[in-house]
Amino acid sequence: MALAIFDLDETLIHGDCASLWSEQMGRLGWVDPESFMRRNNELMDAYSHGKLRMEDYMAFSLEPLIGRTPAEVEHLVEPWVEDFIEPIIFSDATKAIAAHRKAGDRILVISASGTHLVKPIAERLGIDEILGIELEVAHGVYSGQTTGILTYREGKITRLLEWLDAEEENLEGASFYSDSRNDLPLLLKVDYPHVVNPDPVLREHAEQAGWPIHLWT
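Okay, so let's go over this structure. (Residues numbered from 1 in each chain as written. Predicted model: local features only at pLDDT ≥ 70, side-chain atom pairs only at ≥ 80, totals over all residues. Heavy atoms only, no water.)

Turning our eyes to something else, we now look at the nonpolar core. Soluble globular proteins tend to pack their nonpolar side chains together in the buried interior. Within the largest apolar cluster, 50 residues are counted, with the highest numbers of intra-cluster contacts made by Leu12 and Met54. Once residues lying within four places of it in the same chain are set aside, the contact partners of Met54 are Tyr47, Ala112, Ile133, Leu150 and Tyr152. Core analysis: the second largest hydrophobic core is formed by 20 residues, Ile5, Ile157, Leu186 and Ala206 among them. (Core = buried A, V, L, I, M, F, W, Y, C linked by side-chain atoms within 4.5 Å. Buried < 20%, exposed > 50% of the residue type's maximum accessible area, 1.4 Å probe, protein only. Contact = heavy atoms within 4.5 Å.)

Here it is as structure tokens:
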């Protein structure tokens, strides 16, 4: 049994779940939609160019959650996943997941988004095991802070290695699917790197390295 590891945003789904959730927080009245999305888009532009400090994005995006309980947020995330995320799941992604499952591979989603979003989206795809950015809960409510190492760039490797150690697993024969230059460190660590609808930097690297390039719809 080998590991099949998937990035989430723009890999399994046609969009970024954190940005889509930011839009939802505007609809819920938690933020001013116009100004919040303007800042969100500025930060996501930095991400697409490999220049984002993930700490900055998380501090910004988690501020509306301060003082809210995990149960309150979960209650609102679940219908949002059904209404806004399920329609943008790549059908080719579900086929790839099914193929790995049929082969007996262990499937893991590792994402630079918060676990409050990653977990329910992965569950909708039938995937139970995830690594994402952990949100701090203090006195029963979200503090607006994160805990532990952020699953972003090299942080994905650190968190994955910790998970492998805890699960007595290894990367022998592992596959990893991603769309982003930010995931090059992890793509270089696995035996079978796959790029999905890649950004220009990742496409160039994949072409030079002879990696499979998938155009998922």
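That was the structure; now back to the text.
Let us look at unusual backbone geometry. Residue Glu10 is not a glycine yet carries a positive backbone phi of 65 degrees. Among the structural elements, Glu10 can be located in the loop between strand E1 (3–6) and helix H1 (17–27). For Glu10, a relative accessible area of 29% gives the class partly exposed. (Helix = DSSP H or I, 4+ residues; strand = E, 2+ residues; numbered from the N terminus.)

It is worth spelling out the sheet that holds strand E4 (residues 141–147) at this point. The strand order E4-E3-E2-E1-E5-E6-E7 describes an open sheet built from seven strands, whose pairing is mixed. Looking at strand neighbours, the two that pair on one side only are E4 and strand E7 (213–214), the edges of this open sheet. As paired elements, strand E6 (residues 192–196) and E7 share two bridges and run parallel to each other. Its bridge partner being in E7, Val196 is matched across the sheet by His214. This element, helix H3 (residues 54–62), spans strand E2 (106–114), strand E3 (130–138) and E4 of the sheet and lies at about 175 degrees to E4. (Pairing = 2+ DSSP bridges. Axes fitted to C-alpha atoms, helices over the stretch in contact; angles between N-to-C directions.)

This paragraph deals with the pairing of E6. Counting buried positions along E6 yields four of five residues, so the element is predominantly enclosed. Judged from the four bridges that link them, strand E5 (residues 175–178) and E6 form a sheet pairing that is parallel. From the neighbouring strand, Ser175 faces E6, where its bridge partner is Tyr192.

What follows deals with the pattern of salt bridges. On inspection of all chains with the given rule, the structure shows 17 salt bridges. When salt bridges that share partners are traced, they join Arg106, Glu129, Glu167 and Glu169 into one network. (Salt bridge = Lys/Arg side-chain N within 4 Å of Asp/Glu carboxyl O.)

Time to look at helix H5 (residues 91–102). Compared with an ideal rise of 1.5 Å per residue, which puts 12 residues at 16 Å, H5 spans 17 Å between its outermost C-alpha atoms and is within 8% of the ideal. Of all the residues in H5, the buried ones are Ala93, Ala96, Ile97 and His100. Down the axis of H5, the buried side of the element spans an arc of 100 degrees, and every buried residue falls inside it. Residues of H5 that are exposed and angled more than 90 degrees away from the buried face: Lys95 and Lys102. (Expected span 1.5 Å × (residues − 1). Arc of directions from axis to C-beta.)

Okay, the packing of aromatic side chains next. Per the stated rule, a full pass over the model turns up seven aromatic pairs. Their ring planes at 85 degrees and their centres at 6.1 Å tell us that Trp21 and Trp30 sit as a pair that is edge-to-face. For the pair Tyr47 and Tyr152, a centre-to-centre distance of 6.0 Å together with 35 degrees between the ring planes defines the contact as tilted. Taken together, the positions of Tyr47 in helix H2 (residues 33–48) and Tyr152 in the loop between E4 and helix H7 (154–167) put the pair 105 residues apart, joining distant regions of the chain. Put simply, the rings of Phe6, Tyr177 and Trp216 touch in pairs and so form one group of aromatic residues. (Phe/Tyr/Trp six-rings, centres within 6.5 Å; stacked < 30°, edge-to-face > 60°.)

What follows covers the packing of H1 against H2. Two quantities define a packed helix pair, namely the angle between the helix axes and the distance between the axes. Contact geometry of H1 with H2 gives a least axis separation of 9 Å together with a crossing angle of 170 degrees. Here H2 runs roughly antiparallel to H1, going by the angle between their axes. Of the residues in H2, those in contact with Ala18, Ser19, Ser22, Glu23, Met25 and Gly26 of H1 are Pro33, Phe36, Met37, Asn40 and Met44. Its residues assigned to classes, the contact of H1 with H2 shows six nonpolar, four polar and one charged. (Parallel < 35°, antiparallel > 145°, perpendicular 65-115°, else oblique. Nonpolar A, V, L, I, M, F, W, Y, C, P; charged D, E, K, R; others polar.)

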